[in-house]
Amino acid sequence: MDNIVENIIRSGKFKRRIENMLVSEARMVTGLNRAELVVVYLLYRYQELNTLTSIANFLQMNKGHISTTVDRLCKEGYVISQRDKEDHRFVRYQITDKAKDLSVTMDAIWEEISKKLVSDIEKNDLEAFGRVTMQLEHNVERLLKEYGQ
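What you see is a predicted model, and the numbers here were worked out from it, not measured in a lab.

## Digging into helix H2 (residues 15-30)
Part 1 of the argument: Helix length check: H2 (16 residues) gives 22 Å between terminal C-alpha atoms against 22 Å at 1.5 Å per residue, within 8%.
Part 2 of the argument: Along H2, the sharpest kink reaches roughly 50 degrees, centred on valine 23.
Part 3 of the argument: Where H2 terminates, the next one or two residues include glycine 31, which has phi positive at roughly 80 degrees.

Here it is as structure tokens:
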């Protein structure tokens, strides 16, 4: 169910507002901006999304902006960077212990938001919506490949 809610939010018109709800308290405590906190949380939840390109694609943001964001997170001690051991062209990012505590708190907030977003929606409807959303994403990816995008 959580992936369904994420798919709705990532592509929807409420994306920025929901992200602001997720990070509002953390912004006051850490001084990090919304994009920085979203990247920290992304690295916490999806360890496989750990390159600039994968982060930028997932968040649908400019790769240059993500680079600046990750650089600041490294300087602030929330993220560390390491060259890929097998392919030195890639730099991989992961959160530090400093970011882990913050991410656990944001995860609890996310769980609460997710539950509230899907309240009053039947489980079967959510599952059907999830299947349709995944098929739409697959079709868009296929279409973009066909057109060389």
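## Thoughts on the pattern of salt bridges
Part 1 of the argument: Inspection of the entire model under this criterion finds seven salt bridges.
Part 2 of the argument: Of the charged contacts, one joins arginine 45 and aspartate 107 as a salt bridge, the two residues approaching to 3.1 Å between their closest N and O atoms. One end of the pair, arginine 45, is in helix H3 (residues 34-45); the other, aspartate 107, is in helix H6 (residues 97-118), with 62 residues separating them in the sequence.
Part 3 of the argument: One salt bridge in this structure joins aspartate 84 and arginine 92, with 2.7 Å as the shortest N-O distance.
Part 4 of the argument: Given the relative accessible area of 14%, aspartate 84 is considered buried.

## Structural notes on the environment of phenylalanine 58
Part 1 of the argument: Looking at the secondary structure, you find phenylalanine 58 in helix H4 (residues 52-59).
Part 2 of the argument: A C-alpha to C-alpha distance of 17 Å links phenylalanine 58 and leucine 22, two positions 36 residues apart in sequence.

## Some details on H6
Part 1 of the argument: The end-to-end C-alpha distance of H6, which contains 22 residues, comes to 32 Å, matching closely the 32 Å that a straight helix rising 1.5 Å per residue would cover.
Part 2 of the argument: Residues of H6 that are buried: Ala99, Leu102, Ser103, Met106, Asp107, Trp110, Ile113, Ser114 and Val118. What you see down the axis of H6 is that its buried residues fit within an arc of 155 degrees, all on one side. Opposite the packed face of H6, turned more than 90 degrees from it, sit the exposed residues Asp101, Lys115 and Lys116.
Part 3 of the argument: Directly beyond the C-terminal end of H6, a positive phi value near 70 degrees is found at aspartate 120.

## Points about the confidence of the model for the protein
When pLDDT is low, close inspection of the predicted coordinates is not appropriate.
Part 1 of the argument: In this model, the protein carries an average pLDDT of 88, and 93% of its residues clear a pLDDT of 70 or more.
Part 2 of the argument: Highest mean pLDDT in the protein belongs to helix H5 (residues 63-75) (97); lowest belongs to helix H1 (residues 2-11) (66).

## Section: the packing of aromatic side chains
Part 1 of the argument: Taken as a whole and assessed by the stated rule, the structure comprises two aromatic pairs.
Part 2 of the argument: Ring geometry for tyrosine 41 and tyrosine 44: centres 6.2 Å apart, planes at 25 degrees, overall stacked. Taken as a pair, tyrosine 41 and tyrosine 44 lie in helix H3 at a separation of three residues, close to a single helical turn. Of the two residues, tyrosine 41 and tyrosine 44, both sit in the buried class.
Part 3 of the argument: The cationic tip of arginine 92 hangs over the ring face of phenylalanine 90; the distance from NZ or CZ to the ring centre is 5.6 Å.

Rules of the game
Starting afresh in each chain, residues are numbered from 1 along the sequence in its written order. Where local features are concerned, this predicted model is filtered to residues with pLDDT of at least 70; where side-chain atom pairs are given and counted, the filter is 80 or more; whole-chain, interface and lining totals use all residues. Side-chain numbers come from the whole structure's heavy atoms, not from hydrogens or water. Numbering of helices and strands runs from the N terminus, with a helix taken as a DSSP run of H or I at least four residues long and a strand as a DSSP run of E at least two residues long. The span one expects for a helix is its residue count, reduced by one, times 1.5 Å. A residue's bend is given by the angle between axes fitted to the 7 residues ending at it and the 7 residues starting at it. In the sections that follow, a salt bridge refers to a side-chain nitrogen of Lys or Arg positioned within 4 Å of a carboxyl oxygen of Asp or Glu. Only protein chains enter the accessibility calculation, which uses a 1.4 Å probe. A residue is then buried if its area is under 20% of the maximum for its type, exposed if over 50%, and partly exposed in between. As used here, the arc belongs to the directions running from the helix axis to the C-beta atoms. The predictor attaches a confidence to each residue, called pLDDT, with possible values from 0 through 100. Pairing of aromatic rings covers Phe, Tyr and Trp, the last through its six-membered ring, and needs centres within 6.5 Å; plane angles under 30 degrees mean stacked, over 60 mean edge-to-face, and all others mean tilted. By the criterion adopted, a ring carries a charge over it if an Arg CZ or a Lys NZ lies within 6 Å of its centre and within 35 degrees of its normal.

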